[in-house]
Amino acid sequence: MPSPMNIAQRRLAFGIAAAAVTILALTPAQAQELQTINVMTSNDQSCSPYPQISADEFGFFAKEGLKVNLLPSETSIPYIAFLANGDADITMMDAGMIFQAVTAGQPLSAVYEAYQRAGDGLVVLSDSGIKSVADLKGKTIGMASDRDQLTTILALSTVGMEISEVTTVVVGQPGPVLVDALTKGTIQAYAAANSEFAALTAAGVAVTNITPVEVSSVPGNTFTVWGPTKEEKRPLFEKFLRAWAMGQHAGIMDIKAVMSACKKRIPEQWEKPGRGETVVTNSVTNTQVRRTVKYGEPQRDVWEGIQPPYVKFGEIPAVIEVDKFLDWSFIDAANNFTTDEVKEGVKAWKEANKDALIN
């Protein structure tokens with residue numbers, strides 16, 4: 001059975017070509033004044049992690065005095081290693097990666113839930129007649145990769161089904177082969193991530209998400225730091241998380257401005273009509289919408305409740321006390337901004353980028 005570590009690596013498989021991306025076009029004098037933070041996030045060449053784009057384009061990182069270096073995320077090296085050796089200051093990890101690291105005795109701290117819903121799940125053709133995973137018994141489920149098997153197992157377990165009661169086959173990412181398999185009924189469901197689902201929609205395939213809430217409620221990506229250097233780097237982390245939260249809030253306030261900024265930054269994701277809009281909308285209203293009083297608050301009940309399936313399927317040996325790895329002490333600083341500050345950044349960008357605006 002694949003480990004959650006590998007599942008996360010597939011979700012984080014949109015690596016950037018350069019080893020670092022300098023945030024904002026700054027004068028040499030300004031650049032010298034900025035403090036560098038090395039970050040590993042998800043889908044670096046996608047609009048899915050829209051806060052990193054909006055925080056950049058709208059000037060929130062620069063306002064915090066930060067230069068953000070996005071490290072390539074497509075790697076076979078465990079993300080925890082980048083924290084341990086200091087190459088990364090802060091990384092996104094999914095729940096499985098965090099559980100695995102804590103079980104191995106790694107002193108990490110999960111400080112900010114960036115995605116408060118998981119991006120992985122299952123979809124079916126909207127006109128298939130399949131309403132829930134309970135209807136998949138005896139059916140064939142296509143998977144983007146074999147690392148989507150755990151998602152499938154967890155989804156089926158919510159209705160008391162075993163993986164042996166369905167047939168699974170790897171069909172790859174969206175393309176003619178997958179579209180043909182779905183539309184001709186070779187497979188009746190598709191297990192993948194939101195980016196793949198968006199690509200299906202962009203290809204004109206109408207799909208319905210049937211992911212059980214017990215699966216989608218898992219935090220998709222959480223910012224994690226190395227415990228031994230946490231206090232030393234606290235001011236740096238607080239600045240970064242505040243700018244990120246402002247970028248996150250911009251999506252709620254002006255989604256069209258965020259779409260415009262994302263299209264400017266990653267135009268290739270907008271080549272197929274509807275794909276870019278779908279990716280951003282799903283991120284703003286689903287995976288990254290705030291489900292707590294403040295942005296990024298770790299949800300104790302969720303982290304406690306999602307562990308039993310990982311134990312059942314042998315991914316971790318036992319339930320872990322969440323106070324061993326959750327840290328709420330960065331949340332107040334991350335949320336220490338005003339709506340007016342966000343509005344000012346968005347307004348200034350729109351005035352300077354009128355030709356890039358999406359109507």
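Our subject is the structure that appears above.
Because the structure is predicted, anything quoted here is derived from the model rather than measured. (Residues numbered from 1 in each chain as written. Predicted model: local features only at pLDDT ≥ 70, side-chain atom pairs only at ≥ 80, totals over all residues. Heavy atoms only, no water.)

### So, the pattern of salt bridges
Reasoning step 1: Applying the stated criterion across every chain, the model contains 16 salt bridges.
Reasoning step 2: Here R265 and D56 are joined by a salt bridge, their closest N and O atoms 2.3 Å apart. Residue R265 is located in helix α12 (residues 255-265), and its partner D56 is located in helix α3 (residues 50-57); the two are separated by 209 residues in the primary sequence.
Reasoning step 3: Among the residues examined, R265 registers a relative accessible area of 31% and is labelled partly exposed. (Salt bridge = Lys/Arg side-chain N within 4 Å of Asp/Glu carboxyl O. Helix = DSSP H or I, 4+ residues; strand = E, 2+ residues; numbered from the N terminus. Buried < 20%, exposed > 50% of the residue type's maximum accessible area, 1.4 Å probe, protein only.)

### Topic: the sheet that holds strand β4 (residues 108-115)
Reasoning step 1: Strand order in the open sheet formed by 5 strands is β2-β1-β3-β10-β4, with mixed pairing between adjacent strands. In the strand order of this sheet, the two ends are held by β2 (66-70) and β4, each with one partner. Averaged over all pairs of adjacent strands, the angle between strand axes in this sheet comes to 30°, irrespective of strand direction.
Reasoning step 2: Both β4 and strand β10 (residues 221-226) contribute to a ladder of 6 bridges, which runs antiparallel. Paired with Y115 across the bridge in β10 is N221. (Pairing = 2+ DSSP bridges. Axes fitted to C-alpha atoms, helices over the stretch in contact; angles between N-to-C directions.)

### Observations regarding the sheet that holds strand β8 (residues 189-193)
Reasoning step 1: If you trace the 5 strands from one edge of the open sheet to the other, you get β7-β6-β8-β5-β9, paired in mixed fashion. In this open sheet, the two edge strands, each paired with only one partner strand, are β7 (167-170) and β9 (207-209). On average, each strand axis in the sheet is tilted by 30° relative to the strand beside it, whichever way the strands run.
Reasoning step 2: By the bridge criterion, 4 bridges tie strand β6 (residues 140-143) to β7 in an arrangement that is parallel.

### Describing the packing of α12 against helix α17 (residues 339-352)
Reasoning step 1: Closest axis-to-axis distance for the α12/α17 pair is 11 Å, and the angle between their directions is 55°. On the basis of the axis angle, α12 is oblique to α17. Viewed along their axes, α12 and α17 form a crossing whose handedness is left-handed. Two secondary-structure elements touch here, α12 through A257, S260, A261 and K264 and α17 through V346, W349 and K350.
Reasoning step 2: Partitioning the contact of α12 with α17 into residue classes produces 4 nonpolar, 1 polar and 2 charged. (Parallel < 35°, antiparallel > 145°, perpendicular 65-115°, else oblique. Left-handed = near helix turned anticlockwise from the far one by under 90°. Contact = heavy atoms within 4.5 Å. Nonpolar A, V, L, I, M, F, W, Y, C, P; charged D, E, K, R; others polar.)

### Some points on the nonpolar core
Reasoning step 1: By size, the foremost hydrophobic cluster in this structure holds 49 residues, and its most contacted members are F58, I90, Y112, F223, F240 and L241.
Reasoning step 2: The greatest single-element share of this core, amounting to 9 residues, is contributed by helix α11 (residues 234-253).
Reasoning step 3: Setting aside residues up to four positions removed in sequence, Y112 forms contacts with T222, F223, L241, W244, A245, Q248, Y295, G296, I331 and A334.
Reasoning step 4: Grouped together as the second largest cluster of nonpolar side chains are 47 residues, V133, L154, V218 and V302 included. (Core = buried A, V, L, I, M, F, W, Y, C linked by side-chain atoms within 4.5 Å.)

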